[in-house]
Amino acid sequence: MTEMEKMRRGELADMSASDVQASFVHCKALLAKMRTMSMYDEGFRAVLEDLVPGIPATSVICPPFHCDHGHGIRLGKHVFVNANCTFLDGAYITIGDYTLVGPNVQIYTPHHPMNHIERRSSKEYAYPVTIGDDCWIGGGAVICPGVRIGDRCIIGAGSVVTKDVPDDSLAVGNPAVVK
């Protein structure tokens, strides 16, 4: 099993491995190209589709955008990701149809070992994040590794989501609490 496969499966994976590094390099080159373009420029969509394979034609990610790999991001139809978002996609980040993601939202899948000696190595875990259909993620929200947000949820601006949020919920605060 490759280190990339371990990472995607939530196993301890070596981030210095050649397959993981090649993915980082490919992603960073595409992001650098995106930073020189407007989302209305000819060729922007092709770069975005190379970065996030399978992105539906009805979904958009506004630059600037930051991610680790790009190919770990799975977007539904009619998803809108506003400017300056960071998606650290060691594990898969899945966002359902008609979901709106505000500016400066951060979605993290990496999780470093808890033991300080183990953290000195280049190994880490990654846990998937799933956001359902018809959600609204307010600006500046942080979604932590392994979190599942159900359908039709609203996450308040600036909230830090550390636990799963059930369908049809409003969650706000740090840490986010379902209201």
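So, how was this worked out
Residues numbered from 1 in each chain as written. Predicted model: local features only at pLDDT ≥ 70, side-chain atom pairs only at ≥ 80, totals over all residues. Heavy atoms only, no water. Helix = DSSP H or I, 4+ residues; strand = E, 2+ residues; numbered from the N terminus. Polar contact = N/O pair within 3.5 Å; in protein donor to acceptor, adjacent residues only side chain to side chain. Core = buried A, V, L, I, M, F, W, Y, C linked by side-chain atoms within 4.5 Å. Buried < 20%, exposed > 50% of the residue type's maximum accessible area, 1.4 Å probe, protein only. Contact = heavy atoms within 4.5 Å. Patch = residues over 30% accessible without salt bridge, like charges linked within 9 Å, V, L, I, M, F, W, Y side chains within 5 Å. Areas by Shrake-Rupley, 256 points an atom, 1.4 Å probe, with all protein chains shown as cover. Salt bridge = Lys/Arg side-chain N within 4 Å of Asp/Glu carboxyl O. Pairing = 2+ DSSP bridges. Disulfide = S-S within 2.5 Å.

**Here's the deal with the side chain of S59**
Line of reasoning, step 1. Summarising the element assignment, S59 is placed in the loop between helix 3 (44-51) and strand 2 (60-61).
Line of reasoning, step 2. Of the polar contacts made by the side chain of S59, one reaches the backbone nitrogen of H78; its length is 3.2 Å.

**What to know about the nonpolar core**
Line of reasoning, step 1. Of all hydrophobic cores here, the largest spans 41 residues; its most connected members are L51, F65, F87, I95, I107, I137 and I149.
Line of reasoning, step 2. Setting aside its immediate chain neighbours within four residues, I137 contacts L100, V101, G102, V105, I131, I143, I149 and I155.
Line of reasoning, step 3. Judged by nonpolar contacts, the second largest core, of eight residues, contains M4, A13, M15 and A91.

**Let's talk about a nonpolar patch on the surface**
Line of reasoning, step 1. Taken together, F80, L100, W136, I154 and L170 make up a surface patch of nonpolar side chains, about 440 Å² in accessible area.
Line of reasoning, step 2. The topology assignment puts L100 in strand 8 (residues 100-101).
Line of reasoning, step 3. Residue L100 is classed as partly exposed on the basis of its relative accessible area of 42%.

**A closer look at the pattern of salt bridges**
Line of reasoning, step 1. Tallied over the full model, the rule gives five salt bridges.
Line of reasoning, step 2. One salt bridge connects K28 with D68, and the closest N-O pair in it is separated by 3.9 Å. One end of the pair, K28, is in helix 2 (residues 18-35); the other, D68, is in the loop between strand 3 (65-67) and strand 4 (73-75), with 40 residues separating them in the sequence.
Line of reasoning, step 3. The class of K28 is partly exposed, set by a relative accessible area of 38%.
Line of reasoning, step 4. A salt bridge links R152 to D168, with the shortest nitrogen-to-oxygen separation between them at 2.6 Å. Residue R152 is found in the loop between strand 15 (148-149) and strand 16 (154-155), and its partner D168 is found in the loop between strand 17 (160-161) and strand 18 (170-172); the two are separated by 16 residues along the sequence.

**Concerning the sheet that holds strand 18**
Line of reasoning, step 1. Strand order in the open sheet formed by seven strands is 2-5-8-13-16-18-19, and the pairing between neighbours is mixed. Edge positions in the sheet fall to strand 2 and strand 19 (177-178), since each has one partner strand and no second.
Line of reasoning, step 2. In this structure, strand 2 lies alongside strand 5 (residues 80-81), joined through two bridges in parallel fashion. Its bridge partner being in strand 5, I61 is matched across the sheet by V81.

**Points about the environment of H26**
Line of reasoning, step 1. Relative to the helices and strands, H26 resides in helix 2.
Line of reasoning, step 2. Along the sequence, H26 and G70 sit 44 residues apart, while their C-alpha atoms lie 9.2 Å from each other.

**Considerations on the state of the cysteines**
Line of reasoning, step 1. This structure, assessed with the given rule, holds zero disulfides.
Line of reasoning, step 2. C144 carries a free sulfur, and the closest cysteine sulfur to it, the one in C85, is 15 Å from it.

**Some thoughts on the pairing of strand 11 (residues 123-126)**
Consecutive residues of a regular strand have side chains that alternate between opposite faces of the sheet.
Line of reasoning, step 1. In strand 11, alternate side chains face the same way, and those of E124 and A126 are buried while those of K123 and Y125 on the opposite face are not.
Line of reasoning, step 2. Of the strand pairs in this sheet, strand 10 (residues 110-111) and strand 11 are connected by two bridges, and their pairing is antiparallel. Considered in strand 11, the bridge of H111 is made with Y125.

**Here we look at the pairing of strand 6 (residues 85-88)**
Line of reasoning, step 1. Strand direction decides the pairing type here: strand 3 and strand 6, joined by three bridges, are parallel. Paired with F65 across the bridge in strand 6 is C85.
Line of reasoning, step 2. Pairing analysis gives three bridges linking strand 6 to strand 9 (residues 106-108), with the strands arranged parallel. Within strand 9, the residue paired with L88 across the bridge is Y108.

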